[in-house]
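Observations on chain architecture
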Amino acid sequence: MSDLDLLNQSLARNVKRWRTERGFTLESLAARAGVSRGMLIQIEQARTNPSIGTVVKIGDALGVSITTLLDYEQGPKVRIVPAEQAVRLWHTDTGSYNRLLAGTEAPGPLEMWDWRLMPGEGSDSDPHPGGTVELIHVTAGELTLTLDGVPHRVPTGASVSFEANVPHTYGNSGAEPLEMIMAVSVPPVH
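Since the model is a prediction, treat every value here as computed from it, not as a measurement. (Residues numbered from 1 in each chain as written. Predicted model: local features only at pLDDT ≥ 70, side-chain atom pairs only at ≥ 80, totals over all residues. Heavy atoms only, no water.)

1. Some thoughts on unusual backbone geometry
At Ala46, a position not held by glycine, the phi torsion is positive, near 55°. Within the secondary structure, Ala46 is located in the loop between helix H3 (37–44) and helix H4 (52–62). What makes Ala46 partly exposed here is its relative accessible area of 30%. The backbone phi angle of Asp148 is positive, close to 50°, even though this residue is not glycine. (Helix = DSSP H or I, 4+ residues; strand = E, 2+ residues; numbered from the N terminus. Buried < 20%, exposed > 50% of the residue type's maximum accessible area, 1.4 Å probe, protein only.)

2. A look at the packing of helix H2 (residues 26–33) against H4
Relative orientation of the contacting elements H2 and H4 amounts to 110°, with a least axis distance of 8 Å. Between H2 and H4, the angle falls in the class roughly perpendicular. As for the relative orientation of H2 and H4, their crossing is right-handed in sense. Taken together, the residues of H4 that come into contact with H2 (itself represented by Leu29, Arg32 and Ala33) are Lys57, Ile58, Ala61 and Leu62. For the contact of H2 with H4, the per-class residue count stands at five nonpolar, no polar and two charged. (Axes fitted to C-alpha atoms, helices over the stretch in contact; angles between N-to-C directions. Parallel < 35°, antiparallel > 145°, perpendicular 65-115°, else oblique. Left-handed = near helix turned anticlockwise from the far one by under 90°. Contact = heavy atoms within 4.5 Å. Nonpolar A, V, L, I, M, F, W, Y, C, P; charged D, E, K, R; others polar.)

3. Here's the deal with the environment of Gly157
As for its position among the elements, Gly157 is in the loop between strand E7 (150–154) and strand E8 (159–163). Distance from Gly157 to His137, taken between C-alpha atoms, is 6.9 Å for residues 20 residues apart in sequence. Setting aside anything within four residues of it in sequence, one finds Gly157 in contact with His137 and Val138.

4. Let's talk about the pairing of strand E5 (residues 133–140)
Pairing of E5 with E8 involves five bridges; the strand directions are antiparallel. Note on E8: the bridge partner recorded for His137 is Ser159. Here E5 pairs with strand E10 (residues 178–185) via seven bridges, running antiparallel. Paired with Ala140 across the two strands is Glu179, which belongs to E10. (Pairing = 2+ DSSP bridges.)

5. Quick word on the sheet that holds strand E6 (residues 143–147)
Judged by pairing direction, the sheet is antiparallel, and its four strands sit side by side in the order E4-E9-E6-E7 without closing on themselves. The outermost strands of the open sheet, each flanked by one partner alone, are strand E4 (122–125) and E7. Adjacent strand axes in the sheet meet at a mean angle of 15° when their direction is disregarded. With five bridges joining them, E6 and E7 adopt antiparallel strand pairing. What sits directly across from Thr144, in E7, is Arg153.

6. Details of the side chain of Glu121
Considering the arrangement of structural elements, one finds Glu121 in the loop between strand E3 (109–117) and E4. Buried charge without a partner: Glu121 forms no salt bridge, and the closest opposite charge is Arg116, 8.9 Å away. (Lys, Arg positive; Asp, Glu negative; His and termini not counted. Salt bridge = Lys/Arg side-chain N within 4 Å of Asp/Glu carboxyl O.)

7. So, the pattern of salt bridges
Within the structure shown, the criterion is met by seven salt bridges. The shortest N-O distance in the salt bridge between Arg17 and Glu21 comes to 3.9 Å. One end of the pair, Arg17, and the other, Glu21, are both in helix H1 (residues 3–22), four residues apart, so they sit about a helical turn from each other. Note on Glu21: relative accessible area 47%, which makes it partly exposed. Between Arg19 and Glu44 there is a salt bridge, and its shortest N-O distance comes to 2.6 Å. In this pair, Arg19 is assigned in helix H1 and Glu44 in helix H3, connecting sequence segments 25 residues apart. Across this residue pair, the class does not change: Arg19 and Glu44 are buried. Salt bridges here are not isolated pairs; linked through shared partners, they connect Arg17, Glu21 and Arg22.

8. Here's the deal with the packing of H1 against H4
Between H1 and H4, the least distance of the axes is 10 Å, while the angle of their chain directions is 25°. As judged from the angle between their axes, H1 and H4 are roughly parallel. Viewed along their axes, H1 and H4 form a crossing whose handedness is left-handed. Listed contacts from H4 to Leu11, Val15, Trp18, Arg19 and Arg22 of H1 are Val55, Ile58 and Leu62. Taken together, the residues of the contact of H1 with H4 sort by class into six nonpolar, no polar and two charged.

Put into structure tokens, the structure is as follows:
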């Protein structure tokens, strides 16, 4: 079985589990997440490979991390994620990517990401639920973080924190690759 098959089966099992645990119908989760009921059915039956944006919307609507939705191992309280098991969820042909390094529920979803953006590239993000906070540390290059249309320059060695309930974009307008570590904390669903 391929890694993609394992991820799709884990996603199917975990979306159904968390939807049931939260008491959501397919219709109510679809409305909360802004995805079609048909897409949720395909996901829960492992018959599709949804976009990262769709998985983020479903995780936000359920109040769980992407790590939780994609987790195919029920393990001990200490979880070490070897470098080769970090999940690459987005990439471009020129070398930009992000990798989900680790995540947990504490008390809401908490995720840590490794990002690389090549010169001239960027990645847009829809607003997250109110109370979501992102922390970013730039390890190489310069990040242009645009929040609700306002750009902010974050140079190598600097860090930034922000409330992520507005549209935001991570961009590299410089001449060298941008590398950054990002943590995302989403409040629990009540």
